[in-house]
Structures are given as structure tokens and as C-alpha cells.
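Reading the structure
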Amino acid sequence: MAALVGPGDHIGYEGQWRTVKTAKTDIGAMGGLFVVVAWEEGGTDRFHAGDELVVGTPERPPATA
């Protein structure tokens, strides 16, 4: 199963829910495909294509500043 990740999606990652600001693909040095996610909460992360992420609605929506 594949899913597209886009702005506004909530992802459970490292024990907390984060909100996607932007998402793009990238090719690694060895030719592997990655998804690069910038978070509304700050920072970015790279995921190997095929990594499993929990995408959905958190029990408690993220706090907004």
C-alpha cells in the first residue's frame, strides 16, 4: 500500500504527532529514493521510500502557536 504525504497531514513520528509543512522526493548518494518532510513545528526529516509512517488524526490535535 502506498500513500502520498502532503501539507497539513499529521504523522506520528518519534513518539509525537507532527504536521507536514512540505514534502518532496530526493535521490540518495547510492541512488535510493527518499521522501523529505519539513515540519510545521520546525526541522526536516528524510525517510526511505517504503518506510512505514503512521498517518492520521491524533487523539489530541497538535497545539498551534
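The shown structure was predicted, so the numbers you read here are calculated from the model rather than taken from an experiment.

**Thoughts on the overall build of the protein**
The secondary structure content of the protein amounts to 0 helices and 5 strands. The linear arrangement of helices and strands in the protein, starting from the amino end, is β-β-β-β-β. Split into buried and exposed, the 65 residues of the protein put 23% on the buried side. Put simply, of all contacts in the protein between residues at least 6 apart along the chain, 22% involve residues at least 24 apart. As displayed, the protein offers around 5000 Å² of accessible surface, 53% of which is attributable to carbon and sulfur atoms.

**Notes on the packing of aromatic side chains**
Taken as a whole, this structure holds 1 aromatic pair when the rule is applied. Here the aromatic rings of W39 and F47 are separated by 6.5 Å at their centres, their planes lie at 85°, and the arrangement is edge-to-face. You'll find W39 and F47 in the same group, each marked buried. It is R46 that lies over the ring of F34; its NZ or CZ is 3.9 Å from the centre.

**Re the side chain of T19**
Take T19: it is sitting in strand β2 (residues 16–27). We classify T19 as buried; its relative accessible area is 11%. A distance of 3.3 Å separates the side chain of T19 from the side chain of H10, its partner in a polar contact.

**Topic: the nonpolar core**
Counting 6 residues, the largest nonpolar core is built from I11, Y13, V20, V37, W39 and F47. Contributing elements (two or more residues each) for this core: β1 (10–13) and β3 (33–39). Those residues in contact with V37, other than ones at most four positions away along the chain, are V20, T22, G43, T44, D45 and F47.

Conventions we followed
- Residues numbered from 1 in each chain as written.
- Predicted model: local features only at pLDDT ≥ 70, side-chain atom pairs only at ≥ 80, totals over all residues.
- Heavy atoms only, no water.
- Helix = DSSP H or I, 4+ residues; strand = E, 2+ residues; numbered from the N terminus.
- Buried < 20%, exposed > 50% of the residue type's maximum accessible area, 1.4 Å probe, protein only.
- Contact = heavy atoms within 4.5 Å.
- Areas by Shrake-Rupley, 256 points an atom, 1.4 Å probe, with all protein chains shown as cover.
- Phe/Tyr/Trp six-rings, centres within 6.5 Å; stacked < 30°, edge-to-face > 60°.
- Lys NZ or Arg CZ within 6 Å of the ring centre and 35° of its normal.
- Polar contact = N/O pair within 3.5 Å; in protein donor to acceptor, adjacent residues only side chain to side chain.
- Core = buried A, V, L, I, M, F, W, Y, C linked by side-chain atoms within 4.5 Å.

Function cannot be read off these values alone, since they describe shape.
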